[in-house]
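Structural features, examined
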Amino acid sequence: MTLTQSGPVAQPKPAVDYLLDAPLPQLLNALDVELVDSSITNAGFFGAFVESRDGSRILSMPVGRSEFERDTAARMLLAEGLGLDAPPVPSPLEVSRG
């Protein structure tokens, strides 16, 4: 998993319960996050959350993954990227920040 933040942006943070329970399209819309397909095909890459200095947010996810895997990785990336008090990413996954 990759997590990248280009600069601080003051936007409201969702409650962890909402992050975990809301349908993913609704969650992305509420957080103003654009979901894009990634061209990265490495099996160990689950996605990247990027928050730009202008406040725009992009969640880049690889294609061809199961709906469950994609949904779970998206929520973990959002929780990490937004700095929510959520359970840590389970091992052997790791989040890198760039």
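Residues numbered from 1 in each chain as written. Predicted model: local features only at pLDDT ≥ 70, side-chain atom pairs only at ≥ 80, totals over all residues. Heavy atoms only, no water.

Focus: the packing of aromatic side chains
Here the structure, examined in full by the defined rule, presents 0 aromatic pairs. The lysine or arginine in question, Arg 65, covers the ring of Phe 46, its NZ or CZ lying 5.2 Å from the ring centre. (Phe/Tyr/Trp six-rings, centres within 6.5 Å; stacked < 30°, edge-to-face > 60°. Lys NZ or Arg CZ within 6 Å of the ring centre and 35° of its normal.)

A few points about the pattern of salt bridges
It is possible for side chains of opposite charge to pair when their charged atoms get near one another. Within the structure shown, the criterion is met by 4 salt bridges. The residue Glu 69 makes a salt bridge to Arg 65 at a minimum N-O spacing of 3.0 Å. (Salt bridge = Lys/Arg side-chain N within 4 Å of Asp/Glu carboxyl O.)

Quick word on the side chain of Ser 60
Within the secondary structure, Ser 60 sits in strand E4 (residues 57-62). With a relative accessible area of 16%, Ser 60 lands in the buried category. Discounting residues that sit within four places of it in the chain, Ser 60 has contacts with Val 36, Asp 37, Ser 38, Phe 45, Gly 47 and Ala 48. (Helix = DSSP H or I, 4+ residues; strand = E, 2+ residues; numbered from the N terminus. Buried < 20%, exposed > 50% of the residue type's maximum accessible area, 1.4 Å probe, protein only. Contact = heavy atoms within 4.5 Å.)

With respect to the pairing of E4
Counting buried positions along E4 gives 5 out of 6 residues, so the element sits mostly inside the fold. Where strand E3 (residues 48-51) folds back onto E4 in an antiparallel hairpin, the turn is made up of 5 residues, including Gly 55, whose phi is positive at roughly 95°. (Pairing = 2+ DSSP bridges.)

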